Amino acid sequence: MLIAGERLLHSSASVFEIAGAVGYGSESAFSAAFKRTMGESPRAYARGRRA
């Protein structure tokens, strides 16, 4: 999830693309796991740290 978080912050890849790159078959499965691990959705994580 740390790798995914870095990619969310420092690339223009979509959540779907990042999900596949870190081994998830679907965006929804990745989003659920990301939220469980990091405490917020991937989009909220990226938005909150880019601002």
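If you're wondering where the values come from, they're calculated on a predicted model, not measured in any experiment.

What to know about the confidence of the model for the chain
Interpretation of the predicted coordinates at a detailed level should be avoided for regions scoring low in pLDDT. Taken residue by residue, the chain gives an average pLDDT of 94. The fraction at 70 or more is 96%. The least confident element of the chain, judged by mean pLDDT, is helix H4 (residues 42-50) at 87; the most confident is helix H3 (residues 27-38) at 98.

What to know about the packing of helix H1 (residues 2-10) against H3
Between H1 and H3, the least distance of the axes is 11 Å, while the angle of their chain directions is 105 degrees. One element, H1, and the other, H3, form an angle in the roughly perpendicular class. Together, Leu-2, Ala-4, Gly-5 and Leu-8 of H1 and Phe-30, Phe-34 and Met-38 of H3 make up the contact between the two elements. In terms of residue class, the contact of H1 with H3 is built from six nonpolar, one polar and no charged.

Thoughts on the pattern of salt bridges
All chains considered together, the criterion is met by one salt bridge. Where Glu-27 meets Arg-43, a salt bridge forms, and the shortest distance between an N and an O atom there is 3.1 Å. Of the two residues, Glu-27 sits in helix H3 while Arg-43 sits in helix H4, which places them 16 residues apart along the sequence. Exposure remark for Glu-27: the relative accessible area of 24% places this residue in the partly exposed category.

What counts and what doesn't
- Residues numbered from 1 in each chain as written.
- Predicted model: local features only at pLDDT ≥ 70, side-chain atom pairs only at ≥ 80, totals over all residues.
- Heavy atoms only, no water.
- pLDDT = per-residue confidence, 0-100.
- Helix = DSSP H or I, 4+ residues; strand = E, 2+ residues; numbered from the N terminus.
- Axes fitted to C-alpha atoms, helices over the stretch in contact; angles between N-to-C directions.
- Parallel < 35°, antiparallel > 145°, perpendicular 65-115°, else oblique.
- Contact = heavy atoms within 4.5 Å.
- Nonpolar A, V, L, I, M, F, W, Y, C, P; charged D, E, K, R; others polar.
- Salt bridge = Lys/Arg side-chain N within 4 Å of Asp/Glu carboxyl O.
- Buried < 20%, exposed > 50% of the residue type's maximum accessible area, 1.4 Å probe, protein only.

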